[in-house]
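Residue-level listing of the chains:
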Amino acid sequence: MEATPSPRISIETPPAYQQKYVMLNSNNSTDLRPPPKRRNVPRYHDHSSKSSGSFCLKCICCCLLFWFVLIILLAGAAYILYTKIEPEVPVYTVDHFDVNAFDVQHDFSLHTELVVTVKSDNPNNHIGFQYGTDSSVVVMYKNSILCEGKLPAFTQPHANATMIQIPLKGDSEFGTDLQEALVKNRKTGQIPLLVEVKAPISVVVLDFPMRQVTVLLNCSLVVDNLSPKKKAKIISSTYNYAVEL
C-alpha cells in the first residue's frame with residue numbers, strides 16, 4: 001500500500017507593504033523621489049512705498065523751510081529799508097485861487113477860467129515822485145462842474161516843495177437855482193467849491209521807480225469871491241486823500 005504523499009507547504013516571502021495612497025506624477029508613474037528637507041524661506045519686505053513717501057515728506061519740509069527763510073529775509077530787508085528811508089506822505093495844499101473869467105453868456109451858460117496853484121511838499125529825503133500824464137482836475141459848485149484841467153507831468157525830487165499851476169476852463173449850464181445860490185454866497189462872502197484831483201504817481205525810491213498808483217485828492221474850499229481879474233481869498237479848506245492800487 002502506497003503511502004499518500006503529504007502536501008507540500010511552501011513558505012513564500014510576504015509582499016512588501018503597499019501604501020494606501022500613492023503620489024503620481026504627470027506620467028502616472030510612481031517613480032517619485034521624496035521631497036527634500038523643507039527649509040524656511042526668508043521673507044523680504046517691500047520698502048519702496050515707505051521710502052518714496054519719506055522722500056516726498058522730506059521734499060515738502062525742505063520747500064517749506066526755504067519759503068520760511070525767504071520770507072524772514074525779505075521781511076528783514078523791508079524793515080531795514082523802511083527804517084533807513086523813513087517814508088512820509090507828501091502834503092498837498094491849494095496855495096491860491098485866481099479867476100480869469102466867470103461870465104454868464106447870452107444863452108445863460110457860464111464860461112469859467114480859473115488857475116489853481118497847488119503846493120506839493122515832499123518831506124522825504126530818499127523818495128521822489130513821478131507824476132504821469134493821465135491826470136484830471138475838476139472844480140465843482142453845488143454838484144455842477146464849472147471847469148476842468150489836468151496836472152502837468154513832472155518829477156518831484158526828494159526834500160522838495162513844488163508849486164503846480166493848473167489852468168482850468170469850462171462851459172456849464174447856469175440855471176436859476178445856481179444863480180440864486182451864487183448871489184446868496186456872494187453876499188455872505190463865502191462861496192463853497194470842491195476841487196477833485198486824480199493823478200497817477202510813481203514812487204521813486206533811491207532813484208528806482210516803483211509801481212504806479214493813482215492818488216485821489218478832494219479839497220473842499222470856501223473862497224470870498226469869484227470875480228474876474230481878482231484874486232480869490234481862501235477862507236477855509238479841508239483835504240481828503242485816497243490811493244488806488
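It should be noted that the structure appears before, not after, this text.
Residues numbered from 1 in each chain as written. Predicted model: local features only at pLDDT ≥ 70, side-chain atom pairs only at ≥ 80, totals over all residues. Heavy atoms only, no water.

Examining helix α2 (residues 176–188)
Threshold: Elements are defined by DSSP. Helices are runs of H or I of four residues or more, strands are runs of E of two residues or more, and each kind is numbered from the N terminus. In this scheme, a helix's expected span is set at 1.5 Å multiplied by one less than its residue total. Between two residues, a contact is recorded if the distance between any of their heavy atoms is within 4.5 Å.
With 13 residues, α2 should reach 18 Å at 1.5 Å per residue; the first-to-last C-alpha distance of 19 Å fits that figure. Elements that come into contact with the buried residues of α2 comprise β1 (91–104), β4 (136–141), β5 (144–149), β7 (160–173) and β8 (191–205). The first or second residue beyond α2 is Gly189, which carries a positive phi of 75 degrees.

Topic: the nonpolar core
Selection rule: Buried residues of nine kinds, namely Ala, Val, Leu, Ile, Met, Phe, Trp, Tyr and Cys, make up a nonpolar core once their side-chain atoms join them within 4.5 Å. The classification of residues rests on relative accessible area computed with a 1.4 Å probe and restricted to protein chains. Under 20% of the type maximum is buried, over 50% is exposed, and intermediate values are partly exposed.
Phe97, Tyr141, Leu168, Leu193 and Leu226 are the most contacted members of the largest nonpolar core, which totals 42 residues. Take this core: its biggest share by element is 7 residues, from β8. Among residues more than four places away in sequence, those in contact with Leu168 are Thr112, Glu113, Leu114, Val116, Val137, Val139, Cys147, Glu148 and Gly149.

Observations concerning the pairing of strand β9 (residues 208–223)
Quick note on the threshold: Whether two strands pair depends on DSSP finding at least two bridges between them.
Both β8 and β9 contribute to a ladder of 14 bridges, which runs antiparallel. Looking at β9, one finds that Leu194 is bridged to Ser220. Between the antiparallel neighbours β8 and β9 lie 2 residues, among them Leu206 with a positive phi of about 50 degrees. Relative to strand β11 (residues 234–244), β9 runs antiparallel, the two sharing 10 bridges. Across the sheet, residue Val222 finds its bridge partner in β11, namely Ser236.

Topic: the packing of aromatic side chains
Our working rule: Note on aromatic pairs: the rings of Phe, Tyr and Trp (six-membered ring only in Trp) are paired at centre separations within 6.5 Å, and the planes decide the class, stacked below 30 degrees, edge-to-face beyond 60, tilted for the rest.
Under the counting rule described, the total for this entry stands at 3 aromatic pairs. On the basis of an interplanar angle of 70 degrees and a centroid distance of 5.7 Å, the ring pair of Phe66 and Trp67 is categorised as edge-to-face. Geometrically, the ring pair formed by Tyr92 and Tyr241 is tilted, given 6.2 Å between the ring centres and 40 degrees between the ring planes. Residue Tyr92 is found in strand β1, and its partner Tyr241 is found in strand β11; the two are separated by 149 residues along the sequence. The buried category is assigned to Tyr92, whose relative accessible area is 10%.

Points about the environment of Thr238
Structurally, Thr238 is set in strand β11. The exposure class of Thr238 is partly exposed, given its relative accessible area of 48%. Along the sequence, Thr238 and Val222 sit 16 residues apart, while their C-alpha atoms lie 9.3 Å from each other. Among all residues touching Thr238, those that are not within four sequence positions of it are Asn218, Cys219 and Ser220.

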